[in-house]
Every structure is written in structure tokens, then in C-alpha cells.
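Take a look at the letters that make up each chain.
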Amino acid sequence: MIDISAEEFKSRLPELQIVDIRTEAEVQDFDLGGVHLPFDELLEKLNEVDFLRNQEFVIICYTGLQSKIAATILRKRGFEGVRNLTGGLEAFLSI
């Protein structure tokens, strides 16, 4: 259970924990809530998402590329429940 499709993400959105790794400006344009942790600050601020270490959560970006990288990094650091939104918000907004 690594990736999550845009369709599943949309249907489960009210119950999902989200970590948004987009820039502050991108989040201001469209915010789904959750924890905002910009990709370029991910490693230095891992403590901000440590409470999710043993939970399922979805990491999102606009296209799904940076979130895929971030999900891999987090898994290697012990975050077993991290899922990547396939196609990112671009895919979510197109359904």
C-alpha cells in the first residue's frame, strides 16, 4: 500500500491525514489542509510529522513527483504508513 489513486484519495479525503509538501505560495492557491511541510525543508523538520510515524497518511504535491521522492525518504526513516498521491493534485483536480 504505497500509492493512492486520485479517486481513492477523493473518496477518503475526510478521513485522511495529509502532509502537503508544496511551497507556501502553492498552498495559498489551493489548500486541502493537513500539515504543510515544504519539500526543501522535509529533512530538517521531520519532527513536525513524527506524530504520523505509525499512522496512514498521504503526502501530496502538485504533480506527484516530489511527493513520490518524499514518500521514499520518509519510508526509509521509518514512516511505514506513508502513501503518495499518484499524479498529485493535478490528477485530483481533474476528476
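Residues numbered from 1 in each chain as written. Predicted model: local features only at pLDDT ≥ 70, side-chain atom pairs only at ≥ 80, totals over all residues. Heavy atoms only, no water.

Asker: Is there a simple way to explain the overall build of the chain in this structure?
Answerer: Regarding its fold elements, the chain presents 4 helices and 5 strands. Of the regular secondary structure in the chain, the N- to C-terminal order runs β-α-β-α-β-β-α-β-α. Taken along the three principal axes of its C-alpha coordinates, the chain extends 30 × 30 × 20 Å. Within the span of the chain, comprising 95 residues, buried residues form 39% of the whole. Long-range pairs, those at least 24 residues apart, make up 66% of the contacts in the chain between residues at least 6 apart in sequence. (Helix = DSSP H or I, 4+ residues; strand = E, 2+ residues; numbered from the N terminus. Buried < 20%, exposed > 50% of the residue type's maximum accessible area, 1.4 Å probe, protein only. Contact = heavy atoms within 4.5 Å.)

Asker: Sorry if this is basic, but what is going on with the UniProt feature "domain: Rhodanese" (unreviewed entry) in the chain here?
Answerer: UniProt marks residues 12-94 with the feature "domain: Rhodanese" (unreviewed entry), using the numbering shown here. Here residues 12-94 runs as 30% helix and 16% strand, with 17 Å between its end C-alpha atoms. (UniProt positions renumbered as here; feature names shortened; annotations may be inferred.)

Asker: I tried to follow the sheet that holds strand E4 (residues 57-60) on my own but got confused; where do I start?
Answerer: Paired through backbone hydrogen bonds, the strands of a sheet run either parallel or antiparallel to each other. What the 5 strands build is an open sheet, ordered E1-E5-E4-E2-E3; its pairing is parallel. A strand with exactly one partner marks an edge of an open sheet, and here the two such strands are strand E1 (3-4) and strand E3 (35-36). Of the strand pairs in this sheet, E4 and strand E5 (residues 82-85) are connected by 3 bridges, and their pairing is parallel. Considered in E5, the bridge of Val58 is made with Arg83. The strands that helix H3 (residues 65-76) touches are E1, E4 and E5; relative to E5, the one it contacts most, it runs at about 175°. (Pairing = 2+ DSSP bridges. Axes fitted to C-alpha atoms, helices over the stretch in contact; angles between N-to-C directions.)

Asker: What's the story with the packing of aromatic side chains in this structure? I'm lost.
Answerer: To describe a pair of aromatic rings, one takes the distance between the centres and the angle between the planes. If you walk through the whole model with that rule in mind, you get 2 aromatic pairs. Ring plane angle 85° and centroid distance 5.4 Å describe the contact between Phe9 and Phe92, whose orientation is recorded as edge-to-face. A residue pair is termed long-range when its members are at least 10 positions apart, and Phe9 in helix H1 (residues 6-12) and Phe92 in helix H4 (residues 88-93) qualify at 83 residues. There is no split in this pair, since Phe9 and Phe92 are both buried. With a centroid separation of 6.1 Å and an interplanar angle of 85°, the aromatic rings of Phe57 and Phe79 are classed as edge-to-face. Taken together, the positions of Phe57 in strand E4 and Phe79 in the loop between H3 and E5 put the pair 22 residues apart, joining distant regions of the chain. The side chain of Arg53 reaches across the aromatic face of Phe79, ending 4.3 Å from its centre. (Phe/Tyr/Trp six-rings, centres within 6.5 Å; stacked < 30°, edge-to-face > 60°. Lys NZ or Arg CZ within 6 Å of the ring centre and 35° of its normal.)

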